[in-house]
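Given next are the chains, with one letter for each unit.
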Protein chains: 2
Amino acid sequence: MPPVTRSLEQEFEVVLQRLIANEHSLALLRWDSYMYGSTKGAQMRANLMGTLAEDTYRHLTSESVKQVVEQLDPNDLPTGMLSSFTYIQKQARRLEKIPYEWYTKYEKHAAKAMQMWTEARKANDFSVFRPFFDRLVALQMDYADYAGFGDDRYGAILDLREDGLTSEQVDAWFQQLQEVVLPLLSHVKQSNKQPKTGFLFEEIEIEEQMDVAKSLFELTNFDFESGRIDSSIHPFFVPLSPEDVRVGISAPSAKEFKKMMKETLYSCGQSLFAQTSNHLLQAEVPASMQQAYGLLFSSFISKSKSFFLQCKEHLPDAIHRYSIDEIHAGMNAVDFTIVKNDSSELMVPLHLQIGYELEKAIMNGEIATRDLPHVWADKAGDYLSLATPHDLGGILQEYHFATADFGPKPLN
Amino acid sequence: MPPVTRSLEQEFEVVLQRLIANEHSLALLRWDSYMYGSTKGAQMRANLMGTLAEDTYRHLTSESVKQVVEQLDPNDLPTGMLSSFTYIQKQARRLEKIPYEWYTKYEKHAAKAMQMWTEARKANDFSVFRPFFDRLVALQMDYADYAGFGDDRYGAILDLREDGLTSEQVDAWFQQLQEVVLPLLSHVKQSNKQPKTGFLFEEIEIEEQMDVAKSLFELTNFDFESGRIDSSIHPFFVPLSPEDVRVGISAPSAKEFKKMMKETLYSCGQSLFAQTSNHLLQAEVPASMQQAYGLLFSSFISKSKSFFLQCKEHLPDAIHRYSIDEIHAGMNAVDFTIVKNDSSELMVPLHLQIGYELEKAIMNGEIATRDLPHVWADKAGDYLSLATPHDLGGILQEYHFATADFGPKPLN
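Residues numbered from 1 in each chain as written. Chains lettered and ligands numbered in written order. Predicted model: local features only at pLDDT ≥ 70, side-chain atom pairs only at ≥ 80, totals over all residues. Heavy atoms only, no water.

**Let's talk about the overall build of chain A**
- Regarding its fold elements, chain A presents 16 helices and 3 strands.
- Compactness check: chain A gives a C-alpha radius of gyration of 23 Å against a globular reference of 22 Å for 412 residues, within 12% of the reference.
- Projected onto its principal axes, the C-alpha coordinates of chain A cover approximately 75 × 50 × 45 Å.
- Relative to its 412 residues, chain A shows a buried fraction of 53%.
- Here the contacts in chain A between residues at least 6 apart in sequence split such that 69% fall between residues at least 24 apart.
- Put simply, chain A shows about 18,600 Å² of open surface, and 53% of that area lies on carbon and sulfur atoms. (Helix = DSSP H or I, 4+ residues; strand = E, 2+ residues; numbered from the N terminus. Rg over C-alpha atoms; globule rule 2.2 N^0.38 Å. Buried < 20%, exposed > 50% of the residue type's maximum accessible area, 1.4 Å probe, protein only. Contact = heavy atoms within 4.5 Å. Areas by Shrake-Rupley, 256 points an atom, 1.4 Å probe, with all protein chains shown as cover.)

Below, the structure is given as structure tokens:
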């Protein structure tokens, strides 16, 4: 008794449920790997994630999905499903052009490259990673060619991240940003007003850090019945669904107050967005939207005086003895460091511009990967007015190079 | 570029990977629900589990699987995949007869019935649950009819649990067991030798219990790099794969020593089997095999003198002051209680016989569900020589009735 009597709308629901199940399973596997997965099961979990990704590909390119996408009138769907339909339609048409073999090959190489990236970071030497990067770049070029963006290979990557985003747009934005940021940066550097910041870098005990983080999440209305926060080695954010949003606070590497505030508030923002957004598939959510919420919290709320007045009693003991004015000024002071994750938001756009320009040049074949370390350093000199001490402080900061996962990235 | 060029063997691998992914995702979801899942996400997780189960059905009944199953020569497969092939072949042929609608209906009713079972346990009243049970029984009868076992509806259920198992076989086994167990039971009751057992029922603190459990797992060679044990409200056992076996020890409801030893060693046995078995799909493993390992540990190893000599130093303080001989005798003493989970293995087969006889009678329409409480009590009088005080001590012990999930069950 094969299920042939279902209507197109019912068929669409089946397609959607399958994608939701894959997406949710993948997210849960990721969270589990960070938190509780067994040591010896790592390879098995990686294979499984590959299987789920491949299955999503196979499903979206199947005959039944093609039929639904081409024949279903979206007006027949309940309103809540419309944006999912648009998303699936776009994905199906996009993936139809990409051969299955590309997917499996890319995944295999990316897994290996990720390991070698870690080795390169350990050795503080980009060249350890380079041969693997080359292969991934070639695969990304293939992807762009399949996607059919003609000469504008990087455009294919941008469009993948944000519908319709083009290099011209991004070029113009960075141009505008530079015009504002560079003069401001040099003004700040020359200013006589340099707030005290040393106290913000005191180390905080893990337990205290988790207490503070929980208080901040409570203050910003995180719903603990629809999610949880855990102490983890690396910070992470895994929204399984609006009812189950999981956050990892990187407590074990006991952090300074400033870093902790920034990271925690960024997670608060992302989490609140995830708990209140109404998408059926997490993948429908534009990356920039989630980032915008994170940034709103980490760069504005976490630096506003009124927020400090509200959360003062929850702050770590070491900070308590400073006045709100001192904390406020310190948090808003600009840090001049070559490390993107430690630098102030004034520097971050310039860091992003470096990454963006390199990605584009790589994808368009305008730069040899051998030259990347010194091109990075040159740009850092021009934009940040800082010297690059070594690969770890330079090119090996571009974490997404590890899998050649190009395109706009979270601006933590 | 659709993936049409794959060979039948490659196609089979894809089928297998899909099933493994579904199975693993389901198991991880189950573990996560027990341990870390959010409160508000419970409904969403239940839906998702339904989707995964339905997807497995849809996949196994698809045209592509049918083609693989009918045309592939199993001799072309690597040896490691042979048993998976046989399993999938059998499942595919079995499911082909069952309409998709049956699956979704059964799942929906089972979820509701499970809630009502809990209500009935709270109220200590089977009749609260009865109307929901009736509906599930009707669905199970439908299943048996689809499966095509003619008048022997219960045979369809038995075959589902263990390939080829028939009512005649089980009837004969129980008959044999009764002939041995009933005289032994009456002999034990009349014996003058009644070991001290009171000390085995002392409550043990949660922390101490977890320490003891961990030691026992270590002593029995559980590989902690291929699994983990957690403290949980109910005991559970979730093998994600041989490399990742998860066990819940029901510590929060601080247990007595005897119960703890039995439950913990049962889990040890199951876990070791799961960590060393070579099946690609957990579902391939016959339920009786896993149970046999659990029982070997809980009923033999946990009651042997040499085991106590080995683990003595790890036992809880309260037990320490007793001699090995006293512990050994106490653990092997027979407990006469109406509660199956607390009764000795001498009584368990009789309990199982009660459940089995009721299931069979229900499926074959020989008993009205209204009569179940007193039929249970009558049988308990005949087999166990014990009075049934109320539904909780009687019919409401048959936990698998909650979802009408009939057939041979773990004999913890």
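Once the structure has been displayed, the description carries forward.
**Remarks on the domain arrangement of chain A**
All names here are of chain A.
- Each assigned domain of chain A is listed here: domain 1 (1-96) and domain 2 (167-386).
- Each of domain 1 and domain 2 has a C-alpha centre, and the two are 32 Å apart.
- Listed per partner, the contact involves 17 residues of domain 1 and 15 residues of domain 2.
- Taken as a group, Glu23, Trp31 and Tyr87 account for 38% of the area that domain 1 buries against domain 2, more than any other trio of residues on that side.
- Taken together, the links from domain 1 to domain 2 amount to 0 salt bridges.
- For the pair domain 1 and domain 2, the number of links is 5 residue pairs in polar contact (both at pLDDT 80 or more).
- At the level of secondary structure, the elements contributing two or more residues to the side of domain 1 that touches domain 2 comprise α1 (8-35) and α4 (82-96).
- At 10 residues, the largest contribution of residues to the side of domain 1 that touches domain 2 is made by α1.
- Looking at the side of domain 1 that touches domain 2, its residues break down into 12 nonpolar, 4 polar and 1 charged. (Domains from an automatic or database assignment. Buried area = accessible area lost by both parts, 1.4 Å probe. Salt bridge = Lys/Arg side-chain N within 4 Å of Asp/Glu carboxyl O. Polar contact = N/O pair within 3.5 Å; in protein donor to acceptor, adjacent residues only side chain to side chain. Nonpolar A, V, L, I, M, F, W, Y, C, P; charged D, E, K, R; others polar.)

**Concerning the state of the cysteines**
- For the structure shown, the criterion picks out 0 disulfides over all chains.
- No disulfide involves Cys268 of chain A; its sulfur sits 10 Å from that of Cys311 of chain A, the nearest cysteine. (Disulfide = S-S within 2.5 Å.)

**A few points about the relation of the copies chain B and chain A**
- With an RMSD of 0.0 Å, the fit of chain B onto chain A corresponds to turning through 180 degrees and sliding 0.0 Å along the axis. Read as a symmetry element, the transformation amounts to a two-fold axis. Closest to the rotation axis within chain B is the C-alpha of Ser25 of chain B, separated from it by 2.8 Å.
- When the interface residues of chain B are mapped onto chain A, 100% of them again lie at the interface, so the same face is used by both copies. (Least-squares fit on C-alpha atoms with pLDDT ≥ 70 in both.)

**A closer look at the environment of Ser302 of chain A**
Residues and elements named next belong to chain A.
- Within the secondary structure, Ser302 is located in the loop between α11 (287-300) and α12 (305-311).
- Along the backbone, Ser302 and Leu216 are 86 residues apart, and their C-alpha atoms lie at a distance of 9.9 Å.
- Residues contacting Ser302, with those up to four places away along its chain left out, are Met261, Leu265, Phe297, Phe307, Phe308 and Met331.
- Within polar-contact distance, the side chain of Ser302 engages the backbone oxygen of Ser298 at 2.7 Å.

**A few points about the sheet that holds strand β1 (residues 227-231) of chain A**
Residue and element names in this part refer to chain A.
- The mixed open sheet is built from 3 strands, whose spatial order is β1-β3-β2. One side of each edge strand has no neighbouring strand; the edge strands of this open sheet are β1 and β2 (236-241). The sheet shows a mean angle of 15 degrees between the axes of neighbouring strands, taken without regard to direction.
- The pairing of β1 with strand β3 (residues 244-249) spans 5 bridges and is parallel. The residue of β3 that forms the bridge with Ser231 is Ile249.
- Those strands touched by helix α10 (residues 257-276) are β1, β2 and β3, and its axis lies near 175 degrees from that of β3. (Pairing = 2+ DSSP bridges. Axes fitted to C-alpha atoms, helices over the stretch in contact; angles between N-to-C directions.)

**Some points on the confidence of the model for chain A**
- Mean pLDDT over chain A stands at 91; residues scoring 70 or higher make up 98%.
- Summarising per-element confidence for chain A, the mean pLDDT is lowest in helix α13 (residues 317-320) of chain A (87) and highest in helix α16 (residues 372-384) of chain A (96). (pLDDT = per-residue confidence, 0-100.)

**Here's the deal with the nonpolar core**
- Judged by nonpolar contacts, the single largest core of 177 residues is most densely connected at Phe133 and Phe401 of chain A together with Phe129, Phe133 and Phe401 of chain B.
- The residues contacting Phe401 of chain B, other than those within four sequence positions of it, are Trp117, Phe129, Phe133, Leu358, Glu359, Ile362, Leu372, Ile395 and Phe406 of chain B. (Core = buried A, V, L, I, M, F, W, Y, C linked by side-chain atoms within 4.5 Å.)

**Focus: the interface of chain B and chain A**
- With 40 residues of chain B at the contact, the number on the chain A side is 40 residues.
- Here chain B and chain A share an interface that buries about 3,500 Å² over both sides, 58% of which is from carbon and sulfur atoms.
- For the pair chain B and chain A, the interface holds 8 salt bridges.
- The closest approach of N and O atoms between Asp32 of chain A and Arg246 of chain B, which form a salt bridge, is 2.7 Å.

**Thoughts on helix α9 (residues 206-219) of chain A**
Residues and elements named next belong to chain A.
- Its 14 residues place the ends of α9 20 Å apart at the C-alpha level, agreeing with the 20 Å of an ideal helix rising 1.5 Å per residue.
- Taken together, the buried positions of α9 are Gln209, Met210, Val212, Ala213, Ser215, Leu216 and Phe217.
- Of the residues trailing α9, Asn221 is marked for its positive phi of about 70 degrees. (Expected span 1.5 Å × (residues − 1).)

**Concerning the sheet that holds strand β1 (residues 227-231) of chain B**
All names here are of chain B.
- Strand order in this open sheet of 3 strands is β1-β3-β2, and the pairing throughout is mixed. Every interior strand has two partners, whereas the edge strands, β1 and β2 (236-241), have only one. Across the sheet, the mean angle separating the axes of adjacent strands is 15 degrees when strand polarity is ignored.
- Sheet strands in contact with helix α10 (residues 257-276) are β1, β2 and β3 (244-249), and its direction is about 170 degrees off that of β3.

**Some remarks on the environment of Asp125 of chain A**
- With respect to the element layout, Asp125 of chain A can be found in the loop between α5 (100-123) and α6 (130-147).
- Take Asp125 of chain A: its relative accessible area is 29%, and that puts it in the partly exposed class.

**Examining the pattern of salt bridges**
- Scanning the entire structure with this criterion turns up 52 salt bridges over all chains.
- The closest approach of N and O atoms between Lys379 of chain A and Glu357 of chain A, which form a salt bridge, is 2.7 Å. Of this pair, Lys379 of chain A sits in helix α16 while Glu357 of chain A sits in helix α15 (residues 348-363), and the two are 22 residues apart along the sequence. In this structure, Lys379 of chain A and Glu357 of chain A share a single accessibility class: buried.
- Through salt bridges with shared partners, a single ionic network connects Arg18 and Asp55 of chain A together with Arg18 and Asp55 of chain B.

**A short note on unusual backbone geometry**
Residues and elements named next belong to chain A.
- Not every positive phi belongs to a glycine, and Asn124 is a case in point at roughly 50 degrees.
- Checked against the element boundaries, Asn124 lands in the loop between α5 and α6.
- Owing to a relative accessible area of 26%, Asn124 belongs among the partly exposed residues under this scheme.
- Of note in the backbone geometry, Ser385 takes a positive phi value of approximately 55 degrees without being a glycine.

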